[in-house]
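An overview of the molecular structure
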Number of protein chains: 2
Amino acid sequence: MDILGVIKTRRSIREFSDRPIAGELIEKIIDAARFAPTARNIQPWEFVAVTEPGTLNKIADITEHGKFIAQAKCCIVVFSSDTKYYLEDGCAATQNILLAATSLGIGSCWVAGDKKAYSGQIAGLLNAPGSFKLVSLIALGYPVSEDSFKVAEKRPFKELIHREKF
Amino acid sequence: MDILGVIKTRRSIREFSDRPIAGELIEKIIDAARFAPTARNIQPWEFVAVTEPGTLNKIADITEHGKFIAQAKCCIVVFSSDTKYYLEDGCAATQNILLAATSLGIGSCWVAGDKKAYSGQIAGLLNAPGSFKLVSLIALGYPVSEDSFKVAEKRPFKELIHREKF
């Protein structure tokens with residue numbers, strides 16, 4: 001599938017099958033993350049790949065809208081050092097993760113990290129230094145149904161494009 | 001090229017040839033943006049496609065590190081309504097724009113909008129309502145050389161991956 005197809009069929013998937021994700025695919029997905037653009041080329045990000053069920057359960061417990069992480073086969077936790085544009089950089093990397101996963105047939109869902117009261121708890125659980133910011137948590141797993149990768153309904157194109165002026 | 005190839009060959013391109021970008025390609029690129037994930041499915045974004053040289057020059061003048069926008073054939077300006085996660089949403093959309101452009105052989109460079117003193121000036125120039133936040137400005141144009149799409153040097157994979165714990 002070409003990239004525009006991948007972009008359009010990526011959608012939040014929160015129900016996962018029991019099928020494990022091969023370690024090399026997790027590495028491929030994180031490898032894609034590091035090619036995101038980054039302000040001043042600082043590349044302030046760090047990625048924790050969590051696959052242990054016990055830790056996945058704890059992450060699910062801590063997060064507000066990430067209870068389904070308990071069923072995920074992997075959770076990639078994106079941290080960043082505290083730079084001016086850490087959130088821009090970390091979100092671009094997160095989007096690469098979602099797209100790389102989709103292209104491999106792996107379902108994904110972005111759970112918020114920044115601005116969340118639980119960010120310190122997640123950092124503590126994973127032994128991240130206190131100076132790092134939690135950007136996002138990405139649940140990964142094979143979807144229960146292949147039909148999961150269908151184009152989501154979105155605001156119509158004509159409504160959000162403006163030509164020359166807003 | 002598959003999506004991992006596009007992700008790896010995307011890099012900031014700031015020198016553009018005189019070749020114009022077909023309107024339908026600009027539409028294709030913005031169409032990709034709207035399929036980004038968005039917190040609570042709010043889709044708070046709006047995209048202004050600027051192609052008039054006079055306006056491109058003014059944007060270049062206003063920005064700090066975007067002087068090359070004067071030579072771009074298009075600048076996509078990403079605004080968002082002021083939601084809790086507007087920056088996450090807008091950055092995911094921005095990354096889709098960069099990847100879609102790369103896949104079409106169009107060079108791109110992300111110029112910061114959020115947290116910039118000039119964001120109000122850009123909004124004013126483009127008649128964006130004051131309630132909207134400026135997320136990013138993306139310069140687009142064909143690169144002067146085809147060699148421009150080469151894999152950028154990045155921090156090594158082994159340095160930024162952490163297994164189970166940070």
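Residues numbered from 1 in each chain as written. Chains lettered and ligands numbered in written order. Predicted model: local features only at pLDDT ≥ 70, side-chain atom pairs only at ≥ 80, totals over all residues. Heavy atoms only, no water.

1. Notes on unusual backbone geometry
For residues that are not glycine, phi is negative in most cases, and the peptide bond is trans in most cases. All names here are of chain B. Here is the rule we go by: Helix numbers and strand numbers start at the N terminus; a helix is a DSSP run of H or I with at least 4 residues, a strand a run of E with at least 2. We call a residue buried when its accessible area falls under 20% of the maximum for its residue type, exposed when it is over 50%, and partly exposed in between, using a 1.4 Å probe and counting protein chains only.
We note that Lys115 has phi near 70 degrees; this positive angle belongs to a residue other than glycine. In this fold, Lys115 is placed in the loop between β3 (107-112) and α5 (119-125). You can call Lys115 partly exposed: its relative accessible area is 39%.

2. Considerations on the packing of helix α4 (residues 86-103) of chain A against helix α4 (residues 86-103) of chain B
Short version of the rule: Here an axis means a line fitted to C-alpha atoms, over the contact stretch when the element is a helix, while the angle between two N-to-C directions is reported on a 0 to 180 degree scale. Should an angle fall under 35 degrees it is taken as roughly parallel, and over 145 as roughly antiparallel, whereas 65 to 115 is taken as roughly perpendicular and any remaining angle as oblique. Crossing handedness is defined as follows: a turn of the near helix away from the far one that is anticlockwise and smaller than a right angle gives a left-handed crossing, while the clockwise case is right-handed. Contacts between residues were defined by any pair of non-hydrogen atoms, one from each residue, lying within 4.5 Å. Residues are grouped as follows: Ala, Val, Leu, Ile, Met, Phe, Trp, Tyr, Cys and Pro are nonpolar; Asp, Glu, Lys and Arg are charged; every other residue, Gly included, is polar.
Here α4 of chain A crosses α4 of chain B at 60 degrees, and the two axes come no closer than 8 Å. On the basis of their axis angle, the class for α4 of chain A and α4 of chain B is oblique. When the axes of α4 of chain A and α4 of chain B are compared, the crossing they make is right-handed. Seen from α4 of chain A, the contacting residues are Leu87, Glu88, Cys91, Ala92, Gln95, Asn96 and Leu99 of chain A; seen from α4 of chain B, they are Leu87, Glu88, Cys91, Ala92, Gln95, Asn96 and Leu99 of chain B. Classifying every residue of the contact of α4 of chain A with α4 of chain B gives eight nonpolar, four polar and two charged.

3. Comments concerning the pattern of salt bridges
Note the following rule: When a carboxyl oxygen of Asp or Glu is within 4 Å of a side-chain nitrogen of Lys or Arg, the pair counts as a salt bridge.
Counted according to the given criterion, the structure contains 16 salt bridges over all chains. One salt bridge connects Arg34 of chain A with Asp31 of chain A, and the closest N-O pair in it is separated by 2.5 Å. For Asp31 of chain A, a relative accessible area of 14% puts it in the buried group. A salt bridge links Lys8 of chain B to Asp31 of chain A, with the nearest nitrogen and oxygen atoms 2.7 Å apart. One end of the pair, Lys8 of chain B, is in helix α1 (residues 3-9); the other, Asp31 of chain A, is in helix α2 (residues 23-33), on a second chain. Using a relative accessible area of 27% as the deciding quantity, one classes Lys8 of chain B as partly exposed. It is possible to trace a salt-bridge network through shared partners that takes in Lys8 of chain A together with Asp31 and Arg34 of chain B.

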